[in-house]
Amino acid sequence: LEPDAPHLERIRPLSLHTFSFTLPRGWEVTAYLLDESDGQLQLYERKHFRGQLVWRKTPKPPDELRIMNEIQRRHLEKELPERAKRFGELSVRKVGDFSFGYSLEGEPCQASLYQPKTSTLVQWVFPELGDDALATIEPLLLSYRPNEQELRRWEMFGVRLALPSALAFTEMAPLPANVAVTFESKHHLTVVARRLGMVEETLRTITMAQLHRALLRQGGARIVSSEERQIRGCTGVYTTYEKRGERRLEQLAGRYWKGEAFLWLEKDERRIYGLEQVGPQRAKRLDLLDAFQA
Amino acid sequence: MRSKHEQHEPTFAEQLEARPIKNERAVASRTEDDAVRLRVPLVYPVWLRSAARALGLRQEKSFELEGVGRAVYDRVDGKNSVENLVDWLAREHGLSFHEARVLIMKYLQMLMERGLIVIAANAPRDVN
């Protein structure tokens, strides 16, 4: 595959709760825990483990060097007990905003940064120090940008949005080549972003409109209307729907909330994108298509 | 013999090096709509076999494969590794490596559960 094919470029930006990076070409997230206060990602390039990104809320600024040394010591005690006895402490230098801790070639190296505004410690652990690895690690660390503004970037698995910070991440359902990310405000406005692959296979037996209705019904929606239209210059479908209120008295009253949804086909990328929002009448709606980042 | 708890969990690399093999007893025929119909003998437990024959219970089960499921099955030849299949699917459908890996593993699991293929793993490496 061309390394810069549009669908592969699309999965490189990574923006979560408080930080953004651009991943090296070929790196992919293979495991994740996305809790805002304590989360981690595991990254592989094909079958090779390339790194682990960990973030954790800490009320006070932590002693980053001590933490890095402790991680290194524990790794050596497990993998190279003889070397662990001789280990003193990591050498540290700055790479962009990160403190980069390293020891001998072939041993793990680490990068650490504390975000005082969000009280978040962000740490990378890479399996092996070496010239080739550094040529990849340094641009990755230099690509760091804080993500603490009112308009928050959310970029993962090719889904790319800019949402008001009032919308908090609630869950992600990454089926194979089919990702759905859900956000919710405290006024119960729910936004769902989708990215589907295997487009030819998916649309082999059904139309876009049928697919859209099926996706929405899976989430408990009652379809009100559906029309084909151009969305972001692509073939697409706009569907309005209703969903039973899921909060407190709404459940008892059996009131339905109104929702709208877009689904469109990006032919160059061979992906279907979708955006949905639903919530109580008083919850202020977004301009959904403005939230989508090309 | 290893106990259940000591079973070696295959790594990504080991999963990718494994080679799926077709069940030689599966008989394939093409359907009118270009799908593949596969018939495999049903194996009853020893204690049930004579009763199954006496009661005239079915002796084989059949499955139809179409689309990607069929294309994956067609490429299972004992030579293509899981990694080869992943690369093929990624190229064919514009997927990333790990998107394709998860899908291929899902298809292979489905084919295995139906008794249509087995996966020959290379000898596990020393994990100590």
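Keep in mind that what you see is a predicted model, and the values were worked out from it rather than measured. (Residues numbered from 1 in each chain as written. Chains lettered and ligands numbered in written order. Predicted model: local features only at pLDDT ≥ 70, side-chain atom pairs only at ≥ 80, totals over all residues. Heavy atoms only, no water.)

## Some thoughts on the overall build of chain B
Under the convention used in this document: Secondary structure is summarised from DSSP: a helix means a run of H or I of at least four residues, a strand means a run of E of at least two, and numbering begins at the N terminus for each. The cut-offs for exposure are 20% and 50% of the maximum accessible area for each residue type, with area from a 1.4 Å probe on protein chains only; residues under the lower value are buried, those over the upper are exposed, and the others partly exposed. Whether two residues are in contact is decided by their heavy atoms: any pair within 4.5 Å suffices.
Across its full length, chain B carries five helices and five strands. Mapped in sequence order, the helices and strands of chain B form the string α-β-β-β-α-β-α-α-α-β. Residues counted as buried form 37% of the 128 residues belonging to chain B. Contacts in chain B between residues at least 24 apart in sequence constitute 60% of all its contacts with a sequence separation of at least 6.

## Examining the interface of chain A and chain B
Stated formally: Summed over both partners, buried area is the accessible surface (1.4 Å probe) that two parts give up on being assembled. The salt bridge definition used is simple: a Lys or Arg side-chain nitrogen within 4 Å of an Asp or Glu carboxyl oxygen. Gly counts as polar in this scheme, as do all residues outside two lists: the nonpolar Ala, Val, Leu, Ile, Met, Phe, Trp, Tyr, Cys and Pro, and the charged Asp, Glu, Lys and Arg.
Contact with chain A, which involves 19 residues of that partner, is made by 24 residues of chain B. Counting the surface lost from both chain A and chain B, the interface buries some 1900 Å², and carbon and sulfur atoms represent 57% of this. Together, Arg46, Lys47 and Met198 of chain A form the three largest contributors to the area buried by chain A at its contact with chain B, with a combined 35%. At the boundary of chain A with chain B, the tally comes to five salt bridges. The shortest N-O distance in the salt bridge between Arg46 of chain A and Glu83 of chain B comes to 2.8 Å. Put simply, the parts of the chain that give the side of chain A that touches chain B at least two residues each are helix 1 (6–9), strand 3 (27–33) and helix 5 (199–202) of chain A. In terms of residue class, the side of chain A that touches chain B is built from seven nonpolar, three polar and nine charged.

## Considerations on unusual backbone geometry
All names here are of chain A. Positive phi, close to 50°, is recorded for Arg46, a residue that is not glycine. Relative to the assigned elements, Arg46 resides in the loop between strand 4 (38–45) and strand 5 (48–57). One non-glycine residue, Met198, lies in the positive phi region at around 55°. Residue placement: Met198 occurs in the loop between strand 15 (190–196) and helix 5.

## Notes on the side chain of Gln72 of chain A
Residue and element names in this part refer to chain A. To be explicit about the condition: Pairing of N or O atoms within 3.5 Å defines a polar contact, subject to two protein rules: one partner must be a possible hydrogen donor and the other a possible acceptor, and residues neighboring in sequence count only if both atoms are side-chain atoms.
Within the secondary structure, Gln72 is located in helix 2 (residues 64–79). The exposure class assigned to Gln72 is buried, which follows from its relative accessible area of 1%. At 3.0 Å, the side chain of Gln72 forms a polar contact with the side chain of Gln110. Here Gln72 is in contact with Phe87, Leu90, Ser103, Glu107, Pro108 and Gln110, once residues within four sequence places are set aside.

## A short note on the packing of helix 3 (residues 67–75) of chain B against helix 4 (residues 82–93) of chain B
All names here are of chain B. So the rule is basically this: The angle between two axes is taken between their N-to-C directions and runs from 0 to 180 degrees, where each axis is a line fitted to C-alpha atoms and a helix contributes only its stretch in contact. For classification purposes, angles smaller than 35 degrees are called roughly parallel, those larger than 145 roughly antiparallel, those between 65 and 115 roughly perpendicular, and all remaining angles oblique. Crossing handedness: left-handed means the near helix sits turned counterclockwise from the far one by under a right angle, and right-handed means the same turn made clockwise.
Between helix 3 and helix 4, the least distance of the axes is 11 Å, while the angle of their chain directions is 140°. Judged by the inter-axis angle, helix 3 sits oblique to helix 4. Every pair of crossing elements has a handedness; the one defined by helix 3 and helix 4 is right-handed. Here Val68, Ala71, Val72 and Arg75 of helix 3 lie close against helix 4, whose contacting residues are Leu85, Trp88, Leu89 and His93. Looking at the contact of helix 3 with helix 4 residue by residue, the classes come out as six nonpolar, one polar and one charged.

## A closer look at the confidence of the model for chain B
Inclusion rule: pLDDT gives the predictor's per-residue confidence on a scale running from 0 to 100.
For chain B, per-residue confidence averages 85 on the pLDDT scale, and residues scoring 70 or more make up 89% of the total. Here residues 124–128 of chain B scores under 50 on pLDDT; set against residues more than four positions off or in separate chains, the count is six contacts.

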